[in-house]
Amino acid sequence: MDRIGQFFLSRPYWLIVMVVAALLGLAGAVWLDLKNLSDENLRRQATSLNGVISNVRSYYATNVVGRVVSTDARTQALHNYLDVPGAIPIPATLSLELGAAIGASEGDVVYRFVSDYPFRNRPPHNLSAFEQMALSRFREGGTLPEALIDSTGNVWDRQMTLATPVIMSGACVDCHNSHPESPKTDWKVGDVRAIQSVKVRQPLTLNILSFKWLLIYFFVAGGVGMLFAAVQYRLAGGFSRMNAELAANNEFLAGISMKISKYLSPQVYKSIFSGERDSTISTERKKLTVFFSDIKDFTATTERMQPEELTELLNEYFTEMSKIAEAHGATIDKFIGDAIVAFFGDPETKGSAEDARACVRMALDMQQRLSDLGERWRREGIEHPFKARMGINTGFCNVGNFGSDARMDYTIIGAEANLAARLESIAEPGGIVLSYETYAHVRDIVDATAMEPVYFKGIAREVVPYSISSLKPEPDQVVTGTDAAGRLTLDLTTLSDEARIRVENAVREALKAAQS
């Protein structure tokens, strides 16, 4: 059954072929059954009519023609014609005996001539309820109905009875009123003497069997339909189970992915689950801005705090710093004890200069947030709140997946990453120290002071660190001032290009005015 379902799922055009074939088969079966039904009805009607005609012919030949031919005497029409040589039956007697002859033969047609006024030498007629009702209706007066019809039987054997009135004519009235054995002698022309009924029987089973081709078609089509429905039901059950399993797996994977996201930076998490980054050991060399920070005197601070209190404080610190890092687009590499390692430039970059500027702004925001937290921590009873030192360097590093086939880590290595850590180590608590290349990219947004050149372990060249003292005002905020002599001083480095043009035009206008 599964193979049949798979077959139709993989070849849907066969289902269309089967539907078309079924429709054509239905038309063929209906045509064959209608032809068979027509032939059967014609045969049965012809057989019944042939029996009626044969009985009438036999009766008339024996009781009418034969008797007339066998005697030379004057022929008479009598009800007791059998007792009088040469006599023939009157019409009523003919109808009675003809009905008995037809009813005696086997067939689907029964003829009866019955009356509630039989002659005295004849047995009374057993009238059915319908025949009694028909006589009453026909004798009610007024316009007589041509016939009355009664349908009886059950769903398997239907019978239809048609009753018509037998009306007295003038000759019939004279005969019946004068006959010594007539039970009624006041007949009038137009009176209903009796009824003539014809009962036709038509078994429903015969009609059903007449549709043998259609029945065969329905059985075959029904079997195929049930098989197809069973296949569909089984497939639907399989799909339902698969959907349930898929929903459960999706829910499980969503939970797992949410847990994994806690261990990865948003950029790395997004690149992995979007398929942009493969889980293979591969690295590339890129120019990054590396950020390194740790907490000043963390070991000494931990000795004065309970482990639970320290854990809560450290987690709050990492949470706040991570929010700021994420807001500025940093990729957090790792947490090492109390230290934070992050970088800009992979997997997303805005260019070396913008990456460096974003990193410096992040560091400044972190120091500001840490200062705010320090004030709250003091109010909560922490005597020595955290103070962080930060180092930033811009340079080429290897970035990518490092490790083994079984376990790897997305991180950076290289001398420039080490330099960021060395710069952090010489920073003051709450301070930020930059390398020259980083300073070159951010000199227009921060005030920084060059420190004494330093040789760091593992760094071959002499390094000139720059310590950030403050953030410069926005470029459009012109810093002005006047001395005792009334002279105006402008810091042109803080001006945007548009502001610088306006200042130059104003100076030229002032010079022209002075010369004139």
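Residues numbered from 1 in each chain as written. Predicted model: local features only at pLDDT ≥ 70, side-chain atom pairs only at ≥ 80, totals over all residues. Heavy atoms only, no water.

### Notes on the nonpolar core
Moving on, step 1. Grouped together as the largest cluster of nonpolar side chains are 41 residues, with contacts concentrated most on Phe 291, Tyr 317, Met 362, Phe 386 and Leu 434.
Moving on, step 2. Of all the secondary structure elements, the ones that give two or more residues to this core are strand 7 (283-295), helix 10 (307-328), strand 9 (339-344), helix 11 (352-379), strand 10 (388-403), strand 12 (432-434), helix 13 (436-442) and strand 14 (466-471).
Moving on, step 3. Per-element tally for this core: the top contributor is helix 11, with eleven residues.
Moving on, step 4. Discounting chain neighbours no more than four positions away, the residues touching Phe 291 are Ile 340, Val 341, Ala 342, Cys 359, Met 362, Ala 363, Met 366, Met 390, Gly 391 and Ile 392. (Core = buried A, V, L, I, M, F, W, Y, C linked by side-chain atoms within 4.5 Å. Buried < 20%, exposed > 50% of the residue type's maximum accessible area, 1.4 Å probe, protein only. Helix = DSSP H or I, 4+ residues; strand = E, 2+ residues; numbered from the N terminus. Contact = heavy atoms within 4.5 Å.)

### Considering the packing of aromatic side chains
Moving on, step 1. Taken as a whole and assessed by the stated rule, the structure comprises eight aromatic pairs.
Moving on, step 2. Centre to centre, the rings of Tyr 317 and Phe 386 are 5.9 Å apart; their planes meet at 80°, and the pair counts as edge-to-face. With Tyr 317 in helix 10 and Phe 386 in the loop between helix 11 and strand 10, this residue pair connects regions lying 69 residues apart in the sequence.
Moving on, step 3. A relative accessible area of 2% means that Phe 386 is categorised as buried.
Moving on, step 4. On the numbers, 6.1 Å between centres and 50° between planes, the contact of Phe 343 with Tyr 410 is tilted. Separated by 67 residues along the polypeptide, Phe 343 in strand 9 and Tyr 410 in strand 11 (residues 408-413) bring together distant segments of the chain.
Moving on, step 5. On the accessibility criterion, Phe 343 (0% relative accessible area) is buried.
Moving on, step 6. Over the face of the ring belonging to Tyr 117 we find Lys 184, whose NZ or CZ atom lies 5.8 Å from the ring centre. (Phe/Tyr/Trp six-rings, centres within 6.5 Å; stacked < 30°, edge-to-face > 60°. Lys NZ or Arg CZ within 6 Å of the ring centre and 35° of its normal.)

### Considerations on the confidence of the model for the protein chain
Moving on, step 1. The share of residues in the protein chain with pLDDT of 70 or more is 73%, and the mean pLDDT across the chain is 78.
Moving on, step 2. Of all the helices and strands in the protein chain, strand 15 (residues 480-482) carries the lowest mean pLDDT, 46, while strand 12 carries the highest, 95.
Moving on, step 3. In this model residues 476-485 is a low-confidence stretch, pLDDT under 50, and it forms 18 contacts with partners more than four residues away in sequence or in other chains. (pLDDT = per-residue confidence, 0-100.)

### Remarks on the side chain of Thr 394
Moving on, step 1. Here Thr 394 shows up in strand 10.
Moving on, step 2. Thr 394 gets classed as buried once you look at its relative accessible area, which sits at 2%.
Moving on, step 3. Of note is the side chain of Thr 394, whose polar atom sits 3.0 Å from the side chain of Thr 289.
Moving on, step 4. At 2.8 Å, the side chain of Thr 394 and the side chain of Thr 438 are in polar contact.
Moving on, step 5. Here Thr 394 is in contact with Lys 287, Leu 288, Thr 289, Ala 356, Glu 416, Ser 435, Glu 437, Thr 438 and His 441, once residues within four sequence places are set aside. (Polar contact = N/O pair within 3.5 Å; in protein donor to acceptor, adjacent residues only side chain to side chain.)

### Describing a nonpolar patch on the surface
Moving on, step 1. Taken together, the side chains of Met 18, Leu 32, Trp 213, Ile 216, Val 220 and Val 224 make up a nonpolar region of the molecular surface, amounting to roughly 510 Å² of accessible area.
Moving on, step 2. For the nonpolar patch, the elements supplying multiple residues, two or more each, are helix 2 (13-69) and helix 7 (212-261).
Moving on, step 3. Of all the elements, helix 7 adds the most residues to the nonpolar patch, at four residues.
Moving on, step 4. Checked against the element boundaries, Met 18 lands in helix 2. (Patch = residues over 30% accessible without salt bridge, like charges linked within 9 Å, V, L, I, M, F, W, Y side chains within 5 Å. Areas by Shrake-Rupley, 256 points an atom, 1.4 Å probe, with all protein chains shown as cover. Salt bridge = Lys/Arg side-chain N within 4 Å of Asp/Glu carboxyl O.)

### Notes on the environment of Leu 288
Moving on, step 1. Within the element layout of this structure, Leu 288 appears in strand 7.
Moving on, step 2. By relative accessible area, Leu 288 is classed as buried at 0%.
Moving on, step 3. Residues Leu 288 and Ala 417, spaced 129 residues apart in sequence, show a C-alpha to C-alpha distance of 8.9 Å.

### Here we look at the packing of helix 10 against helix 11
Packed helices, taken two at a time, are described by their axes: the angle between them and the distance between them.
Moving on, step 1. Interaxial distance between helix 10 and helix 11 falls to 9 Å at its minimum, and their mutual angle equals 150°. Viewed along their axes, helix 10 and helix 11 adopt a mutual orientation that is roughly antiparallel. Crossing handedness for the pair helix 10 and helix 11: right-handed. The segment helix 10 lies against helix 11, with Leu 313, Glu 316, Tyr 317, Glu 320, Met 321, Ile 324, Ala 325 and His 328 engaging Ala 358, Arg 361, Met 362, Asp 365, Met 366, Arg 369, Leu 370, Leu 373, Arg 376 and Trp 377.
Moving on, step 2. Tallied by class, residues from the contact of helix 10 with helix 11 come to eleven nonpolar, one polar and six charged. (Axes fitted to C-alpha atoms, helices over the stretch in contact; angles between N-to-C directions. Parallel < 35°, antiparallel > 145°, perpendicular 65-115°, else oblique. Left-handed = near helix turned anticlockwise from the far one by under 90°. Nonpolar A, V, L, I, M, F, W, Y, C, P; charged D, E, K, R; others polar.)

### Here we look at the environment of Ser 435
Moving on, step 1. Within the secondary structure layout, Ser 435 lies in the loop between strand 12 and helix 13.
Moving on, step 2. Relative accessible area serves as the criterion here: at 3%, Ser 435 is assigned to the buried category.
Moving on, step 3. Each C-alpha atom of the pair Ser 435 and Tyr 466 lies 6.2 Å from the other, and the pair is 31 residues apart in sequence.
Moving on, step 4. Not counting chain neighbours up to four residues away, the residues in contact with Ser 435 comprise Ile 392, Asn 393, Thr 394, Leu 419, Leu 423 and Tyr 466.

### Structural notes on helix 10
Moving on, step 1. With 22 residues, helix 10 extends 32 Å between its outermost C-alpha atoms, agreeing within 8% with the 32 Å of an ideal straight helix rising 1.5 Å per residue.
Moving on, step 2. Buried residues in helix 10 make contact with strand 7, helix 9 (298-303), strand 8 (331-336), strand 9, helix 11 and strand 10.
Moving on, step 3. In the stretch just after helix 10, Gly 329 is the one whose phi turns positive, near 90°. (Expected span 1.5 Å × (residues − 1).)

### Looking at the pattern of salt bridges
Pairing of side chains with opposite charge becomes possible as their charged atoms draw close.
Moving on, step 1. For the structure shown, the criterion picks out 15 salt bridges.
Moving on, step 2. Of the charged contacts, one joins Glu 380 and Arg 376 as a salt bridge, the two residues approaching to 2.9 Å between their closest N and O atoms.
Moving on, step 3. Here the residues in one salt-bridge network are Glu 284, Lys 286 and Asp 346, joined through shared partners.

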